[in-house]
Amino acid sequence: MKNILVTGGLGFIGSHTVVSLHEAGYNPIILDNLSNTRENVLDGLEKLIGRRPVFYKCDINDIIVYEKIVAESGEIAAVIHFAAFKDVGESVEQPLKYYHNNMQGLISLLTAMKQFGIANIVFSSSCTVYGEPDNVPVNETSPIKPAVSPYGATKQMGETVLRDCAWLNTQCLRYFNPIGAHPTGLIGELPLGVPSNLIPYLTQSVAGLRPPLTVHGGNYPTTDGTCIRDYIHVCDLADAHVAALNRLLEGKQHKTFEVFNLGTGEGSTVLQVLTKFEEATGLKPEYKIGPRRPGDVVAVWADPSLAESRLGWKAKRGLPEMLRDAWNWQTKQT
Ligand code: WQD
């Protein structure tokens, strides 16, 4: 089995990708500093893959750990790099925390990869790089707008660093809005503290753990006044990482740096999501319309055709399944 180092592998997307990697016959090795997740995610992973994955509790800047991992695990065929902070609002309040972790962390990782001759990387990027797009849906050649947050800037700069490291083979994956959970409810999204993202806040408020949802803005120029996003099931996203990894390891990529949008191609407003949630679960979420949230774009959704043609990947799960799985996960939280 080929060893794949998964940084941030106990996080939301990382943990689901560990399952998909195992199912595809790879050996995922997890590196995580537990800054935004819990070690007991390993328990869910053990139940899902039938063995406890190898886990190194450390920070991506602890560069001595890479020597230990290579010594203990043998050759690393590729790295999937999730480990980064991702809260847009927090990045505005604490830019240096984001530049240190997301940029210095990436540079530490790449330095170690060069030292150990690891040339393949799948990079977690984001639709945030498009800012407020002039046209939707956005494709991979849509203009990159000035970042509206330090978080978005770290994703844009991360892509630039990877493009400039021509010795690397990079698959750069721009996620739209990952939501949902594994259908078993054994792993899911574990935001520590008050969730800033829509779905974890919604499920926690419906579960009675939070006050009712505040919809950030009801007077945008959209069909119902609320923002539009392209929500994608986290399991579809995980499968896309395996497709990108296969492309790398089978030597099928056309150039050293390739970018793919990972979305469904469908845009949904916040209120449409709430309606779908009620249809999927029978539960009617309480909400109120509040002020707009600084940094929000009005509407962004993907043209996912390049990933379909080059990766042979297409999202399979629709919004009802995403919301049902998100709620199922919530009901299993103690
Ligand atoms: C979605 C919509 C909010 C919370 C961010 C990152 C992106 C990616 C996903 C990492 C918006 C509205 C939200 C709430 C609300 N992260 N909302 N009430 O901001 O589109 O994207 O997370 O990969 O890079 O930028 O996601 O879930 O925060 O917001 O009305 O309590 O829900 O205004 O319209 P976002 P989100």
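Here the structure is shown first, and the text comes after it.
So, here's what we can say about the structure. No experiment lies behind these values; they were computed from the predicted model shown.

### Some words on the packing of helix α9 (residues 270-281) against helix α11 (residues 319-331)
Phase 1 of the analysis: Where α9 contacts α11, the axes come no closer than 9 Å and their chain directions differ by 70°. When the interaxial angle is binned, α9 and α11 end up roughly perpendicular. The handedness of the crossing between α9 and α11 comes out as right-handed. Counting all contacts with α9, which are made through V273, K276, F277, A280 and T281, the residues of α11 involved are L319, P320, L323, R324 and W327.

### Thoughts on the pairing of strand β4 (residues 76-81)
Phase 1 of the analysis: Along β4, 6 of the 6 residues are buried, which leaves the element largely enclosed by surrounding structure.
Phase 2 of the analysis: In terms of strand pairing, strand β1 (residues 3-7) meets β4 through 5 bridges, oriented parallel. Counted as the bridge partner of V6 is I80 from β4.
Phase 3 of the analysis: Where β4 lies against strand β5 (residues 120-126), 3 bridges are found, and the strand directions are parallel. Counted as the bridge partner of H81 is F123 from β5.

### Here's the deal with the nonpolar core
Phase 1 of the analysis: Counting 43 residues, the largest nonpolar core has I4, L10, L21, L45, L262 and W313 as the members making the most contacts within it.
Phase 2 of the analysis: Contributing elements (two or more residues each) for this core: β1, α1 (12-23), α2 (41-49), β4, β6 (169-175), α8 (234-249), β11 (257-262) and α10 (305-311).
Phase 3 of the analysis: Per-element accounting of this core gives the leading share, 9 residues, to α8.
Phase 4 of the analysis: Residue contacts for I4: discarding those within four places in its chain leaves L21, Y26, N27, P28, I29, A77, A78, I80, L245 and L249.
Phase 5 of the analysis: Residues L5, V65, M113 and I118 belong to the second largest nonpolar core, which totals 26 residues.

### Notes on the site of the ligand
Phase 1 of the analysis: S126, T128, L198, R229 and D296 are the nearest of the 19 residues found near the ligand.
Phase 2 of the analysis: Within the backbone of H216, an N or O atom sits 2.8 Å from an oxygen atom of the ligand.
Phase 3 of the analysis: Within the complex, 92% of the 680 Å² of free accessible area of the ligand lies under protein.
Phase 4 of the analysis: Its residues assigned to classes, the shell around the ligand comprises 8 nonpolar, 7 polar and 4 charged.

Cut-offs used in this document
Residues numbered from 1 in each chain as written. Predicted model: local features only at pLDDT ≥ 70, side-chain atom pairs only at ≥ 80, totals over all residues. Heavy atoms only, no water. Axes fitted to C-alpha atoms, helices over the stretch in contact; angles between N-to-C directions. Helix = DSSP H or I, 4+ residues; strand = E, 2+ residues; numbered from the N terminus. Parallel < 35°, antiparallel > 145°, perpendicular 65-115°, else oblique. Left-handed = near helix turned anticlockwise from the far one by under 90°. Contact = heavy atoms within 4.5 Å. Buried < 20%, exposed > 50% of the residue type's maximum accessible area, 1.4 Å probe, protein only. Pairing = 2+ DSSP bridges. Core = buried A, V, L, I, M, F, W, Y, C linked by side-chain atoms within 4.5 Å. Near = heavy atom within 4 Å. Polar contact = N/O pair within 3.5 Å; in protein donor to acceptor, adjacent residues only side chain to side chain. Areas by Shrake-Rupley, 256 points an atom, 1.4 Å probe, with all protein chains shown as cover. Nonpolar A, V, L, I, M, F, W, Y, C, P; charged D, E, K, R; others polar.

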